[in-house]
Amino acid sequence: MPYAKIIGSGGYLPPRIVSNDDLAADLATRQIETSDTWIVERTGIRQRHIADPGMTTSQLATRAAQAALENAGIDAAQVDLIIVATSTPDFVFPSTACLVQDQLGASGGAAFDVQAVCSGFVYALSTADAFIQAGRANTALVIGAEVFSRILDWNDRSTCVLFGDGAGAVVLSAQDQPGILGAKLHADGSQSRILCAAGNVAHGKVVGDPFLRMDGQAVFKLAVTSLARSAHEVCDQAGVDFTHIDWLVPHQANVRIINFLGRRLGISEDKVVITVDQHANTSAASVPLALDVARRDGRIKSGDLVLMQGVGGGFTWGSVLSRM
Ligand code: UT7
């Protein structure tokens, strides 16, 4: 049975950077009070990248995919599976993955989207891993891409300061040696209302609430407990001693969530990749972006054992354990 191995990664962030001070000044024009101090103390976020109006999720995804393909030394024509994790697709349909396939010039293989909000990338990675293990794909692109700035209520300070736009991607290849060692996904639909954008398009109109709404404290608590449990679960499944993990690459929502998680797991801070300060929460893009940053700056090396974790709306969570 083949293993799926990550052989390349790439990321793309829109060029426009909005600092906390920029955001506070903008909100102040609408009599909404926030500050760099509040945002940094409560979240660790210092800035976010925001896509200009003409830039779409598929364009961000394509740029990240091109960087990942180049990093892997793979031609787009070799890709026989594209999975895009996104909650902010370009269209109702076709899928963003089909648009990316066209922009890459990679036609012919399977292409589809996965919708699991901030857990989307680990859901997509686990799905691609299963395709490769089953012999149904050889070379897969797994992408997390979002323009969350488009579904934020910019008059709601409790959410609009938290998110940013971006895309991250990995190339998976069928190999004899691992590779991905384990993957475990979960959802609890009874908690769907604690983080949602509960609107849709019907009869030519937006029906319901198109903006992201969140019970921040409920999400915070569930995130820490579910990810801590999930870390041990995936290691047990793979028969790997948890203490052998070289790097934790968790979903980047809030540095306090990441620090709580690290302490609960007893993993030292220098083994945890953090990008939330620079990227804010880019939902499905956060894990592949963080992975790519740490691969490119030389922290994550070939042979390292990496635990990637996602958590978010649905409520969904999951972990993928991979030998790099
Ligand atoms: O990908 C998963 C998605 N999301 C998450 O993981 C987020 C999880 N939750 C969190 O990160 C935190 O709960 C937040 C960062 C959202 C909020 O932090 P908190 O420590 O739970 O703050 P809070 O909601 O208890 O609010 C404390 C105070 C409130 O004022 P009062 O009622 O004490 O007077 C808020 O109105 O902070 C106020 N507040 C703000 N003040 C300045 C809320 N947002 C802001 C803001 N600037 N942007």
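Residues numbered from 1 in each chain as written. Predicted model: local features only at pLDDT ≥ 70, side-chain atom pairs only at ≥ 80, totals over all residues. Heavy atoms only, no water.

1. Regarding the domain arrangement of the chain
Thinking step 1. Splitting the chain by domain gives domain 1 (3-175) and domain 2 (180-323).
Thinking step 2. Its C-alpha centre places domain 1 at a distance of 14 Å from the equivalent point of domain 2.
Thinking step 3. With 55 residues of domain 1 at the interface, the matching set in domain 2 holds 44 residues.
Thinking step 4. Area buried by domain 1 at its contact with domain 2 is led by Cys118, Val122 and Tyr123, which between them contribute 16% of it.
Thinking step 5. One can count 2 salt bridges joining domain 1 with domain 2.
Thinking step 6. Between aspartate 156 and arginine 213 there is a salt bridge; the shortest N-O distance is 3.8 Å.
Thinking step 7. In this assembly, domain 1 and domain 2 are joined by 24 residue pairs in polar contact (both at pLDDT 80 or more).
Thinking step 8. Counting only elements with at least two residues in the side of domain 1 that touches domain 2, the list comes to strand S1 (3-12), helix H2 (36-43), strand S3 (47-49), helix H3 (57-72), helix H5 (120-133), strand S6 (139-147), helix H6 (157-160) and strand S7 (165-175).
Thinking step 9. Here the side of domain 1 that touches domain 2 gets 10 residues from one element, more than from any other, and that element is S1.
Thinking step 10. When grouped by side-chain class, the residues that make up the side of domain 1 that touches domain 2 number 26 nonpolar, 19 polar and 10 charged. (Domains from an automatic or database assignment. Contact = heavy atoms within 4.5 Å. Buried area = accessible area lost by both parts, 1.4 Å probe. Salt bridge = Lys/Arg side-chain N within 4 Å of Asp/Glu carboxyl O. Polar contact = N/O pair within 3.5 Å; in protein donor to acceptor, adjacent residues only side chain to side chain. Helix = DSSP H or I, 4+ residues; strand = E, 2+ residues; numbered from the N terminus. Nonpolar A, V, L, I, M, F, W, Y, C, P; charged D, E, K, R; others polar.)

2. Brief notes about the site of the ligand
Thinking step 1. Taken together, 23 residues are adjacent to the ligand, and Thr34, Arg42, Gln217, His251 and Asn254 come closest.
Thinking step 2. Expressed as a share of its isolated accessible area of 950 Å², the protein-covered part of the ligand is 73%.
Thinking step 3. Residue assignment for the shell around the ligand shows that the elements contributing at least two residues are H2, H6, helix H7 (216-238) and helix H8 (255-265).
Thinking step 4. Counting residues per element, the shell around the ligand draws most heavily on H7, which supplies 4 residues.
Thinking step 5. In the shell around the ligand, the residues fall into 11 nonpolar, 8 polar and 4 charged.
Thinking step 6. A domain split of the shell around the ligand shows at least three residues from each of domain 1 (3-175) and domain 2 (180-323). (Near = heavy atom within 4 Å. Areas by Shrake-Rupley, 256 points an atom, 1.4 Å probe, with all protein chains shown as cover.)

3. Quick look at the nonpolar core
Thinking step 1. Core analysis: the largest hydrophobic core is formed by 48 residues, its most contacted members being Val161, Phe242, Ile245, Leu248, Leu265, Leu307 and Leu321.
Thinking step 2. Looking at this core, the elements that each hand over two or more residues are helix H1 (20-28), H7, H8, strand S14 (305-312) and strand S15 (316-323).
Thinking step 3. Here this core gets 9 residues from one element, more than from any other, and that element is H7.
Thinking step 4. In this structure, this core is formed jointly by two domains, domain 1 (3-175) and domain 2 (180-323), each of which donates at least three residues.
Thinking step 5. Counting 34 residues, the second-largest nonpolar core is a separate cluster that includes Ile83, Tyr123, Ala140 and Ile180. (Core = buried A, V, L, I, M, F, W, Y, C linked by side-chain atoms within 4.5 Å. Buried < 20%, exposed > 50% of the residue type's maximum accessible area, 1.4 Å probe, protein only.)

4. Observations regarding the packing of H3 against helix H4 (residues 96-104)
Thinking step 1. The interhelical angle for the contact between H3 and H4, taken along N-to-C directions, is 55 degrees, at an axis separation of 9 Å. Classed by the angle they form, the pair H3 and H4 counts as oblique. As H3 runs across H4, the sense of the crossing is right-handed. Contacts between H3 and H4 involve Thr57, Ser58, Gln59, Ala61, Thr62, Ala65, Gln66 and Leu69 from the first element and Thr96, Leu99, Val100, Gln103 and Leu104 from the second.
Thinking step 2. Looking at the contact of H3 with H4 residue by residue, the classes come out as 6 nonpolar, 7 polar and no charged. (Axes fitted to C-alpha atoms, helices over the stretch in contact; angles between N-to-C directions. Parallel < 35°, antiparallel > 145°, perpendicular 65-115°, else oblique. Left-handed = near helix turned anticlockwise from the far one by under 90°.)

5. Focus: the sheet that holds S6
Thinking step 1. Reading across from one edge, S1-S7-S6-S4-S5 is the order of the 5 strands in this open sheet, with mixed pairing throughout. Only two strands of the sheet have a single partner each, and these edge strands are S1 and strand S5 (110-114). Strand-to-strand twist across the sheet, computed as the mean angle between neighbouring axes with direction ignored, equals 20 degrees.
Thinking step 2. Of the pairings in the sheet, the one linking S6 to S7 comprises 9 bridges and is antiparallel in character. Across the sheet, the residue bridging to valine 142 is valine 170, located in S7. (Pairing = 2+ DSSP bridges.)

6. Here we look at H7
Thinking step 1. For H7, spanning 23 residues, the distance from its first C-alpha to its last is 32 Å, which sits close to the expected 33 Å at 1.5 Å a residue.
Thinking step 2. Among all positions of H7, only Val219, Phe220, Ala223, Val224, Ser226, Leu227, Ala228, Ser230, Ala231, Val234 and Cys235 are buried.
Thinking step 3. Positive backbone phi, approximately 70 degrees, marks glycine 239, located one or two places after H7. (Expected span 1.5 Å × (residues − 1).)

7. Re the packing of H7 against H8
Thinking step 1. For the pair H7 and H8, interaxial distance at closest approach is 9 Å and the crossing angle is 40 degrees. Considering the angle they form, H7 stands oblique to H8. Handedness of the H7/H8 crossing: right-handed. When H7 is examined against H8, the residues Phe220, Ala223, Val224, Thr225, Leu227, Ala228, Ala231 and His232 are found in contact with a partner set consisting of Arg256, Ile257, Phe260, Leu261, Arg264 and Leu265.

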